[in-house]
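Results of the structural survey
Here's the letter readout for the chains.
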Amino acid sequence: MPLPLPSALTAGRRLPNIWDLVAVLCVFAAILAVVQVTPATFQPIDAPNATVVSLDPSHLPEYALRTTLRMFAALFASLVFTFTFAPLAAKSRRAGIVMVPILDILQSVPILGFLTFTTAFFMSLFPGRVIGLELAAIFAVFTSQAWNMAFSFYQSLTTLPEDLVEATRAFRLSPWQRFWRLEVPFGMPGLVWNMMLSMSGGWFFVVASEAITLGDQSWKLPGIGSYVAQALDDKNMTAIWYAIGTMFLVILAYDQLLFRPLVAWSAKFRVELTAGATAEDPWVLKLLRRTRALRFVGGSVAVVFGFIGRMRLDFSSASKPSKPATPTRLGDGLFFISVAVVAGFAAWQIVRYVLVHDVGLADLAEVVGLGFITMVRVVVLIALASLIWVPIGVWIGLRPSLARSIGVVAQFVAAFPANLFFPVFVILIVRFRGSPDIWLTPLMILGTQWYILFNVIAGASAFPGDLLEASRNFRIGGWLWWRRVILPGIFPYFVTGAITASGGSWNAAIVAEVASWGDTKLRAHGLGAYIAQATDEGNFAHVVLGVVVMSIFVLAFNRVLWRPMYAFATRRLTL
């Protein structure tokens, strides 16, 4: 049976017009650019200029394109991970007990830890080829993007309004239909904002992901990150300014072409009974609406995806919606025993590896002490970032036109790598003889504040307009409005941002607790500096010890503080 096309697509002329020509030229230009840089990823590592970075600004367009392609490849992988991991963790009680702590641990593992243990694997898949290094870099960027998006979608799935869930049961939607027609649309506003933040997070760690070390060998993949690293090594401020300008142009381009249209599109999924504030559509959407052939092609694709979303794909033989299976004590017992066995085996392997490499109790005590120092920094920065960015995020999120306009600025400042501040911080600390333990700490906030800001903006943007109208009618204002209206509505989003901010801050400690400018290197006391030093020395046993202790700190912190707050938000404060 052929798929029916919408009447809007079948009516009128479909001949291309001038706007189709503009759009097609843009698409072909993008395809041509990708084709030009693709051969470089399959050449041998020892080929001329394969892993050589030049500070000549004429190379920056190519470097920017290669870095952007790596980040979008990682973003695509993050979306696949989000749509598989988060639903399983949210819908399966037993799986969630294990998968949510795993997500806590994964987001806290430093990007240097991933690079240390994954580079050899990817290079073994393509021996002697640049593609192995490319995959290692993409995976490293993936680790800076996926956890934030998965947490956002998990939060949306666990805070679905009960009346909407009951409506899906009344209409007898299958789990597949419910996922695509309720759960994905409900989580889309928050997910889009977190996709933007994930792209910015990728920029933050791109310097580390494009400079790869394996044993006594090191490579620099051509890109903006490696360009920045080379400029810092050479103390070339002019090259750093070139890199900053290129970053801004790239962020501006994909914000205008992708994220701003996505934010405008996701606004239609807001849950509200009355018309809320709206903003003018971005120019890209206006351009696409003026096309004819592209609208027909896009509409046809939408019909196909709509048909897939309407498929029942219900493997249950019962004619009525099946009730959730009641968990049994025997099943729970067997499940927990299996988890305990696997966790015990993994812990024993880690302990054995560390002991074999002569890591004793003194080393463990040192690492735990450094972990407490870094934890104090994280707690202070989380508190400061919350006090500053929650009110600002609410103010921005309740104004759709402002939220879209400020998006590119927020993405640029969130993407600004901490490494670019090294010259200023190092020079000032040396000049005024400041303490690195204190004055390097602000660098960690670059990996902290934006998670809170973007999630609060997403929560305020998705806040129902009918509740805002009711609060205005009842003349609720001041602190009462914050306490009774807006904070309960955005609280789940804030907790999600705070959880990812906490993990991001631990991760950022690897970059922030060690700063260098040419031959001058400053090091603060902390777990991040310990792992960075162990990585530079190739001491894998100390890297493992530091990563494990950091993961335990993050997991314990989330269990004691953030998870109880999240459970409270799910039970009492969801709309």
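The structure presented is a predicted model; accordingly, all values stated were derived computationally and were not measured. Throughout, residues of each chain are indexed from 1 in the direction in which the sequence is written. Local features are withheld for residues below a pLDDT of 70 in this predicted model, meaning they are given only at 70 or higher, and side-chain atom pairs are given and counted only at 80 or more; totals for whole chains, interfaces and linings count all residues. In computing side-chain values, all of the structure's heavy atoms are included and hydrogens and water are not.

Thoughts on the overall build of the protein chain
Let me state the cut-off plainly: Runs of H or I in DSSP of at least four residues are treated as helices and runs of E of at least two as strands, each being numbered from the N terminus. Burial classification: accessible surface area is computed with a 1.4 Å probe over protein chains only, and a residue below 20% of its type maximum counts as buried, one above 50% as exposed, and the rest as partly exposed. A contact between two residues is defined here by any heavy atoms of the two lying within 4.5 Å. Only the protein chains shown count as cover for residues, and all accessible areas are computed by the Shrake-Rupley method using a 1.4 Å probe.
When helices and strands are tallied, the protein chain shows 23 helices and 4 strands. Classification of the 575 residues of the protein chain by burial places 49% in the buried group. Sequence-distant contacts in the protein chain: of pairs separated by 6 or more residues, those separated by 24 or more amount to 82%. Of the roughly 27,800 Å² of accessible surface on the protein chain, a fraction of 69% belongs to carbon and sulfur atoms.

Overview of the side chain of Glu 513
Topologically, Glu 513 is positioned in the loop between helix 21 (478-512) and strand 3 (514-517). Discounting residues that sit within four places of it in the chain, Glu 513 has contacts with Thr 374, Arg 377, Leu 440, Met 444, Leu 522, Arg 523, Ala 524, His 525, Gly 526, Leu 527, Gly 528 and Ala 529.

Regarding the packing of helix 14 (residues 361-397) against helix 19 (residues 449-461)
To keep it simple, the criterion reads: Axis lines are fitted to C-alpha atoms, over the contacting stretch for helices. Their N-to-C directions set the angle, which ranges from 0 to 180 degrees. Any angle between 65 and 115 degrees counts as roughly perpendicular, while under 35 counts as roughly parallel, over 145 as roughly antiparallel, and the rest as oblique. The sense of a crossing depends on the near helix, which, turned anticlockwise from the far helix by less than a right angle, makes the crossing left-handed and, turned clockwise, makes it right-handed. Amino acids outside the nonpolar list (Ala, Val, Leu, Ile, Met, Phe, Trp, Tyr, Cys, Pro) and the charged list (Asp, Glu, Lys, Arg) are all regarded as polar, and Gly is one of them.
Orientation of helix 14 relative to helix 19, taken along the N-to-C sense of each, is 30 degrees, at an axis distance of 8 Å. Looking at the two axes, helix 14 sits roughly parallel to helix 19. Crossing angle aside, the handedness with which helix 14 passes helix 19 is right-handed. Counting all contacts with helix 14, which are made through Ile 382, Ala 385, Ser 386, Trp 389, Val 390, Ile 392, Gly 393, Val 394, Ile 396 and Gly 397, the residues of helix 19 involved are Gln 449, Trp 450, Ile 452, Leu 453, Val 456, Ile 457, Ala 460 and Ser 461. Residue composition of the contact of helix 14 with helix 19, grouped by class: 13 nonpolar, 5 polar and no charged.

Considering unusual backbone geometry
Positive phi is not limited to glycine here, since Arg 172 has a value of about 55 degrees. Note that Arg 172 resides in the loop between helix 7 (162-170) and helix 8 (175-210). The phi dihedral of Arg 475 is positive, around 55 degrees, even though this residue is not glycine. Along the chain, the position of Arg 475 falls in the loop between helix 20 (465-473) and helix 21. Classification of Arg 475 as exposed rests on a relative accessible area of 78%.

A closer look at the packing of aromatic side chains
Geometry of an aromatic ring pair is reported as the spacing of the ring centres plus the angle between the planes. Inclusion rule: Stacked, tilted and edge-to-face pairs are distinguished by plane angle, under 30 degrees for stacked and over 60 for edge-to-face with tilted covering the rest, among Phe, Tyr and Trp rings (Trp via its six-membered ring) whose centres lie within 6.5 Å.
Counted by the stated rule, this structure contains 22 aromatic pairs. Pairing Phe 142 with Trp 147 gives two aromatic rings, centres 5.7 Å apart and planes at 75 degrees, and the pair type is edge-to-face. The same class applies to Phe 142 as to Trp 147, namely buried. Centroid distance Trp 506 to Phe 553: 5.7 Å. Interplanar angle 35 degrees. Geometry classified as tilted. With a gap of 47 residues between them, Trp 506 in helix 21 and Phe 553 in helix 23 (residues 540-572) connect regions that are remote in the sequence. For the pair Trp 506 and Phe 553, a shared accessibility class is recorded, and that class is buried.

Notes on the pattern of salt bridges
Going by this rule: By salt bridge we mean one thing: a side-chain nitrogen of Lys or Arg within 4 Å of a carboxyl oxygen of Asp or Glu.
Counting across every chain of the model gives 10 salt bridges. Between Arg 178 and Glu 183 there is a salt bridge whose closest N-O contact spans 2.9 Å. A relative accessible area of 24% means that Arg 178 is categorised as partly exposed. A single salt-bridge network, built from bridges that share partners, covers Arg 66, Arg 70, Glu 134 and Glu 210.

What about the side chain of Asn 148?
Relative to the helices and strands, Asn 148 resides in helix 6 (residues 130-158). Overall, Asn 148 belongs to the buried group, its relative accessible area being 3%. With residues up to four places along the chain from it excluded, the contact list for Asn 148 reads Asn 194, Leu 197, Ser 198, Tyr 451, Asn 455 and Thr 500.

Digging into helix 20
Within helix 20, the full set of buried residues consists of Gly 465, Asp 466, Leu 468 and Ser 471. Where the residues of helix 20 are buried, they touch helix 21. Arg 475 occupies a position one or two residues after helix 20 and carries a positive phi of about 55 degrees.

Side note on the environment of Ser 218
Here Ser 218 lies in strand 2 (residues 217-220). We classify Ser 218 as exposed; its relative accessible area is 55%. Sequence separation between Ser 218 and Thr 51 is 167 residues, and the spatial gap between their C-alpha atoms is 9.5 Å.

Structural notes on the packing of helix 8 against helix 19
Where helix 8 contacts helix 19, the two axes come as close as 9 Å, and the packing angle between them is 155 degrees. If you check the angle between helix 8 and helix 19, you find them roughly antiparallel. Like other packed secondary-structure pairs, helix 8 and helix 19 cross with a definite hand, here right-handed. Of helix 19, the residues touching helix 8 (which contributes Pro 189, Gly 190, Trp 193, Asn 194, Met 196 and Leu 197) are Trp 450, Tyr 451, Phe 454, Asn 455, Ile 457, Ala 458 and Ser 461. Class assignment for the residues of the contact of helix 8 with helix 19 results in 9 nonpolar, 4 polar and no charged.

Details of helix 6
What counts here: In a helix, the anticipated span is given by 1.5 Å times the number of residues less one. Fitting axes to the seven residues ending at a residue and to the seven starting there, one defines the bend at that residue as the angle between these axes.
Taking 1.5 Å of rise per residue, 29 residues should cover 42 Å, and helix 6 covers 42 Å from first to last C-alpha, within 8% of that figure. A maximum bend of about 30 degrees is found in helix 6 at Thr 143. Most of helix 6 is tucked away: 25 of the 29 residues are buried.

Re the confidence of the model for the protein chain
Condition: The pLDDT score gives, residue by residue, the confidence of the prediction method on a 0 to 100 scale.
Confidence in the prediction for the protein chain averages 78 pLDDT; 83% of positions are at 70 or higher. Averaged over each element, pLDDT in the protein chain is lowest for helix 1 (residues 7-10) (46) and highest for helix 3 (residues 60-91) (90). The low-confidence segment residues 7-12 (pLDDT under 50) makes 6 contacts with residues lying over four places distant or belonging to another chain. Below pLDDT 50 for its whole length, residues 315-324 participates in 5 contacts with residues either more than four positions away or in separate chains.

So, the environment of Val 100
By the secondary structure assignment, Val 100 is in helix 4 (residues 93-108). With relative accessibility at 8%, the residue Val 100 sits in the buried group. Each C-alpha atom of the pair Val 100 and Phe 85 lies 9.5 Å from the other, and the pair is 15 residues apart in sequence. Contact partners of Val 100, with chain neighbours within four places excluded, come to Ala 89, Tyr 154, Arg 559 and Arg 563.

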